[in-house]
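In case you want the letters, here they are:
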Amino acid sequence: FRILRDGRKQLRIQAEAVYWGRLAGYELGQPLFHLKVWSGRNRLSRVALLSRNVIPVDVAQLQDADYVAVYEEMGRRRSPVSIVAYTSALEAFLRAVQSWFPADRPHPVPRLAGIITQSEAMSAELRAAVAGRLGRMPYARYGLEELGIVAQQVPGSADRYLVNSASHFVEILDLDHDVPAEPGETGRIVVTDLINSAQPMIRYDTGDLGSFAVDSEGSPDSTWLQTVSGRRLDQLYDAQDRPLSLLLMNKIWWQFPEIRQHQVVQRGRGDYLIRLNVDESFTRGADFLAAFTLLMGEGSRCELEYTNEALVLSSGKRKSAVSHYRPVAPAAPTQPSREPSRDHAVA
């Protein structure tokens, strides 16, 4: 999938990366450790890396020892550093640091100015754990390669995302019909780009799910996204066909630190396969199944499968949910019948 961008849009994306980075603590020119998959398609030249002070960290095949080496390199820097990372990479980084450096063991502690996650939703549990161990609150960013930054968490926003309304008009539409979702309900994130004139993106269905915040009067506040919960194709449903936020699953994962990676596959209504990549000390499979079944509801069927495979895509992003099931869509909302006026007849 390719789109055209004019020069104004391209410069806008670069300027907004600096602006939104500053809101998260990053200052232009600081050493920036960028944890993602670096390939021939997105690799920067040596001159570009030096001029931007970017330290690329390819997470495609990193093990705990590699993350620890990155952490120690950060600690050796004399100036403050910032991190931009896939959410799953930041979680793996944190787990490695917790495992190798107990809180009471002396080790070089990095001076972190800012931490930004991208590409995957960040749970409140992970956010609190990162802030507690690394001493800096991470902020999640929601953006798309074809559009740029759409929204980001900022200081004082809690878990909400401030919408980049200077560049985008964002709507939350019903999951099955092109009408606004109910206030506070999860729906499809649809974005209109206000800047790019080379190829206008008008009411572009991103394929992601989210919800607007709701004000004190119960009306949706379109300046804030309350949730950004992942791809629509990865949507999971409980045994009663109610949609589940993938972030809800973190209430389980964090109870079992032996789990390195996880993936939930929904095979049918209330029918789930859970793939776990665990270390050898994991003996609580029955406890995990009980907690997961309780979350999915009465009548759910859950099966465990253990694997040594990395449960990620070729991009390096974690594939934490796979859905082969979708409930029957409800009927479209009825609209009052209206005759078009003679002056504005519909062709």
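Residues numbered from 1 in each chain as written. Predicted model: local features only at pLDDT ≥ 70, side-chain atom pairs only at ≥ 80, totals over all residues. Heavy atoms only, no water.

Draft legend 1. Region of interest: the pairing of strand β1 (residues 32–36). For β1, a buried count of five out of five residues is recorded, marking the element as mostly surrounded by other parts of the structure. The two faces of β1 match: Leu32, His34 and Lys36 on one face and Phe33 and Leu35 on the other face are all buried. The pairing of β1 with strand β3 (residues 81–86) spans four bridges and is parallel. Counted as the bridge partner of Phe33 is Ile83 from β3. Bridge count for β1 against strand β2 (residues 54–58) is five bridges, and the pairing is parallel. (Buried < 20%, exposed > 50% of the residue type's maximum accessible area, 1.4 Å probe, protein only. Helix = DSSP H or I, 4+ residues; strand = E, 2+ residues; numbered from the N terminus. Pairing = 2+ DSSP bridges.)

Draft legend 2. View of the packing of helix α4 (residues 87–100) against helix α5 (residues 124–134). At a minimum axis separation of 11 Å, α4 and α5 run at an interaxial angle of 45 degrees. Judged by the angle between their axes, α4 and α5 are oblique. α5 is crossed by α4, and the crossing has left-handed handedness. Every residue of α5 that contacts α4 at Thr87, Leu90, Glu91, Phe93, Leu94, Val97 and Gln98 is listed here: Leu126, Ala129, Val130, Arg133 and Leu134. (Axes fitted to C-alpha atoms, helices over the stretch in contact; angles between N-to-C directions. Parallel < 35°, antiparallel > 145°, perpendicular 65-115°, else oblique. Left-handed = near helix turned anticlockwise from the far one by under 90°. Contact = heavy atoms within 4.5 Å.)

Draft legend 3. Structural detail: the packing of helix α3 (residues 64–76) against α4. Closest axis-to-axis distance for the α3/α4 pair is 9 Å, and the angle between their directions is 85 degrees. By the angle class used here, α3 and α4 are roughly perpendicular. Side by side, α3 and α4 meet where Asp64, Ala65, Tyr67, Val68, Val70, Tyr71 and Met74 of the first sit next to Ala89, Ala92, Phe93, Ala96, Val97 and Trp100 of the second. For the contact of α3 with α4, the residue count by class is twelve nonpolar, no polar and one charged. (Nonpolar A, V, L, I, M, F, W, Y, C, P; charged D, E, K, R; others polar.)

Draft legend 4. Region of interest: the packing of aromatic side chains. The final tally for this structure, using the stated rule, is ten aromatic pairs. Measuring from ring centre to ring centre gives 5.6 Å for Tyr272 and Phe292, while their planes differ by 80 degrees; the resulting arrangement is edge-to-face. Of this pair, Tyr272 sits in strand β15 (residues 271–278) while Phe292 sits in helix α7 (residues 285–296), and the two are 20 residues apart along the sequence. Grouping residues by exposure puts Tyr272 and Phe292 together as buried. (Phe/Tyr/Trp six-rings, centres within 6.5 Å; stacked < 30°, edge-to-face > 60°.)

Draft legend 5. Fine view of unusual backbone geometry. For Asn53, which is not glycine, the phi torsion reads 55 degrees and is therefore positive. In this structure, Asn53 sits in the loop between α2 (46–52) and β2. For Asn53, a relative accessible area of 27% puts it in the partly exposed group.

Draft legend 6. Fine view of the pattern of salt bridges. Inspection of every chain in the model, using the stated rule, returns 16 salt bridges. Its salt-bridge partner being Lys9, residue Asp193 comes within 2.9 Å of it at the nearest N-O pair. Taken together, the positions of Asp193 in strand β9 (residues 187–193) and Lys9 in helix α1 (residues 7–23) put the pair 184 residues apart, joining distant regions of the chain. The burial state of Asp193 is the same as that of Lys9; both residues are buried. Among the charged side chains, a network of salt bridges with common partners joins Glu73, Arg76 and Arg77. (Salt bridge = Lys/Arg side-chain N within 4 Å of Asp/Glu carboxyl O.)

Draft legend 7. Local environment of the sheet that holds strand β17 (residues 321–323). Strand order in this open sheet of four strands is β16-β15-β14-β17, and the pairing throughout is mixed. Only two strands of the sheet have a single partner each, and these edge strands are β16 (301–306) and β17. Across this sheet, the average inter-strand angle for adjacent strands is 15 degrees, counted without regard to direction. As paired elements, strand β14 (residues 259–268) and β15 share eight bridges and run antiparallel to each other. If you follow Gly268 over to β15, its bridge partner there is Asp271. Across the sheet, α7 is in contact with β14, β15 and β16; its angle to β16 comes to roughly 140 degrees.

Draft legend 8. Inspection of the confidence of the model for the protein at higher detail. On average, residues of the protein carry a pLDDT of 85, and 88% of them reach 70 or more. Predicted confidence is poor over residues 335–347, with pLDDT under 50, and the contacts of this stretch with residues over four places away or in other chains come to three contacts. (pLDDT = per-residue confidence, 0-100.)

Draft legend 9. Fine view of the side chain of Glu171. Summarising the element assignment, Glu171 is placed in strand β8 (residues 168–173). Of note is the side chain of Glu171, whose polar atom sits 2.9 Å from the side chain of Arg203. For Glu171, the residues in contact, after removing those within four places along its chain, are Arg188, Ile189, Val190, Arg203 and Phe212. (Polar contact = N/O pair within 3.5 Å; in protein donor to acceptor, adjacent residues only side chain to side chain.)

Draft legend 10. Representation of the environment of Arg136. Structurally, the position occupied by Arg136 is in the loop between α5 and β5 (138–144). By relative accessible area, Arg136 is classed as partly exposed at 34%. For Arg136, the contacting residues outside a window of four places in its chain are Leu112, Ala113, Gly114, Ile115, Val130 and Ala131. Engagement of the side chain of Arg136 in a polar contact is seen with the backbone oxygen of Leu112, the distance being 3.0 Å.

Draft legend 11. Main features of the environment of Ile149. Position of Ile149 among the secondary structure elements: in strand β6 (residues 148–152). According to the relative accessible area criterion, Ile149 is buried, its value standing at 9%. Considered as a pair, Ile149 and Val163 are 14 residues apart in the sequence and their alpha carbons are 8.8 Å apart. Residue contacts for Ile149: discarding those within four places in its chain leaves Glu16, Ala17, Trp20, Arg141, Tyr142, Gly143, Asn164 and His168.

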